[in-house]
Amino acid sequence: MNHSASSSASLSVVVPVYNERELLGEAVRRVNAFVAQHFSQYEIIIIESGSTDGTSEVCDQLAHELPAVRVIHEGARNGFGSALKRGYKEATQDWVWFITADTPFPLESIVEAQKLFASYDCVLSYRSEDTRKSLFRKVQSVVYNNLVKTLLSLRVRHVNSAFKVFKREVIQSLPLISNGWFIDAETLYWLTQRKVKYTEIPVPLIDRTGGHSTITLSTPITLLKELRHFLRERTKFQ
């Protein structure tokens, strides 16, 4: 195990999963091997949300096989945001990085972010390249991105760019309430409100090559409902 590139910083990797039996084993083993090369201390926390396809058993096997892996079974499908919030709460290391089973960006991105840990409290990303095949998904992303940035007064380049890594005490201090996909936008809102020092790095988006995305045609409607709920509730936490 090569720790030559590691600094004193440690890393918690949060992996929210629901019905990802096809991808999860290979993805977690690859993440584990990669992170071990660059961080001398790390953990991988899998939040499994009531999967029905055998993913739960794969999670338990990974925890048995890899000492750094810890599995938390939510027992029900409570939403992407719910899983992320649980993972953030459970994290014990200096920095917290979440990644989904489809690994939608190069793992090397965490190495680029690591170089910035001494200067920032979180490292966000913007899409330098988008390999998604669906024109609908691309247009949907642009519309949502611009709407949310306007309504929440966000200055980031991409609200839903997948790569994000946070200092643990920062992400654990945010009063996150969203249980669905809106969690990304809400996180950025609170970072902005609290004047957290962040930077953005270019990270390409890679389309999934296996498994099945839980994002559907109804997802934009759900996101808008979550946005409306957040706009109504946010004053309770400011």
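The rules behind these values
Residues numbered from 1 in each chain as written. Predicted model: local features only at pLDDT ≥ 70, side-chain atom pairs only at ≥ 80, totals over all residues. Heavy atoms only, no water. Buried < 20%, exposed > 50% of the residue type's maximum accessible area, 1.4 Å probe, protein only. Helix = DSSP H or I, 4+ residues; strand = E, 2+ residues; numbered from the N terminus. Pairing = 2+ DSSP bridges. Phe/Tyr/Trp six-rings, centres within 6.5 Å; stacked < 30°, edge-to-face > 60°. Salt bridge = Lys/Arg side-chain N within 4 Å of Asp/Glu carboxyl O. pLDDT = per-residue confidence, 0-100. Contact = heavy atoms within 4.5 Å. Core = buried A, V, L, I, M, F, W, Y, C linked by side-chain atoms within 4.5 Å. Arc of directions from axis to C-beta.

**Comments concerning the pairing of strand S4 (residues 95–98)**
Side chains of S4 alternate between two faces, with Trp95 and Trp97 and Val96 and Phe98 buried alike. Two elements, strand S1 (residues 11–17) and S4, share four bridges in a ladder whose sense is parallel. Bridged to Val14 within S4 is Phe98. Where S4 lies against strand S6 (residues 165–167), three bridges are found, and the strand directions are antiparallel. Residue pairing for S6: Trp97 is matched across the bridge by Val165.

**Some words on the packing of aromatic side chains**
On inspection of all chains with the given rule, the structure shows 11 aromatic pairs. Aromatic side chains Trp97 and Phe105 sit 6.1 Å apart centroid to centroid with 40° between the ring planes, which places their arrangement in the tilted category. Trp97 sits in the buried class, given a relative accessible area of 0%. Its relative accessible area of 3% is what places Phe105 among the buried residues. Judged by centre distance (5.3 Å) and plane angle (85°), the ring pair of Phe105 and Phe163 falls under edge-to-face. Here Phe105, found in the loop between S4 and helix H4 (109–114), pairs with Phe163, found in the loop between helix H5 (135–152) and S6; they are 58 residues apart in sequence, far enough to count as distant.

**Topic: the pattern of salt bridges**
Applying the stated criterion across every chain, the model contains seven salt bridges. In this structure, Arg29 and Glu65 form a salt bridge, with 2.8 Å as the shortest nitrogen-oxygen distance. Placement of Arg29 in helix H1 (residues 21–38) and of Glu65 in helix H2 (residues 55–65) is noted, with a sequence separation of 36 residues between them. We note a salt bridge from Lys164 to Asp184, for which the minimum N-O separation is 3.7 Å. Taken as a pair, Lys164 in the loop between H5 and S6 and Asp184 in helix H7 (residues 183–193) lie far apart in primary sequence, 20 residues in all. Of the residues examined, Lys164 reaches a relative accessible area of 2% and is grouped as buried. Look at Asp184 and you get buried, because its relative accessible area is 13%. Overlapping salt bridges, with partners in common, bring together Glu43, Arg70, Arg86 and Glu90 in one network.

**Quick notes on the confidence of the model for the protein chain**
Of all residues in the protein chain, 88% have pLDDT values of 70 or greater, and the mean over the chain is 89. For residues 1–5, every residue scores under 50 in pLDDT, and the model assigns this stretch 11 contacts once sequence neighbours within four places are set aside.

**Here's the deal with the nonpolar core**
Core analysis: the biggest nonpolar cluster contains 38 residues, and Leu11, Ile46, Trp97, Ile110, Phe163 and Val165 have the highest contact counts within it. Elements represented by at least two residues in this core include exactly S1, H1, strand S2 (42–48), H2, strand S3 (69–73), S4, H4 and strand S7 (198–205). In terms of residue count, H1 provides more of this core than any other element does, seven residues in total. Excluding residues within four positions of it along the chain, Trp97 makes contact with Leu11, Ser12, Val13, Val14, Val35, Phe105, Leu107, Ile110, Phe163, Lys164 and Val165. The next biggest cluster of nonpolar side chains, apart from the first, holds 35 residues, and it includes Phe98, Phe166, Val170 and Val196.

**Considerations on H2**
What H2 keeps buried is the set Thr55, Ser56, Cys59 and Leu62. Seen from one end, H2 has its buried residues packed into an arc of 120°, which puts them on one side. In H2, the exposed positions angled more than 90 degrees off the buried face are occupied by Glu57 and His64.

**A closer look at unusual backbone geometry**
In the Ramachandran plot, Asn19 falls in the positive-phi region, its phi being about 50° despite a non-glycine side chain. Among the secondary structure elements, Asn19 is positioned in the loop between S1 and H1. A positive phi angle, near 55°, is found at Ser153, a position not held by glycine.

**Notes on the pairing of S1**
For S1, the buried fraction is high: seven of the seven residues fall into the buried class. Judged by which residues are buried, S1 turns out to be covered on both faces: Leu11, Val13, Val15 and Val17 on one side and Ser12, Val14 and Pro16 on the other are all buried. Examined bridge by bridge, S1 and S2 share seven bridges and lie parallel to one another. Its bridge partner lying in S2, Val15 is registered against Ile46.

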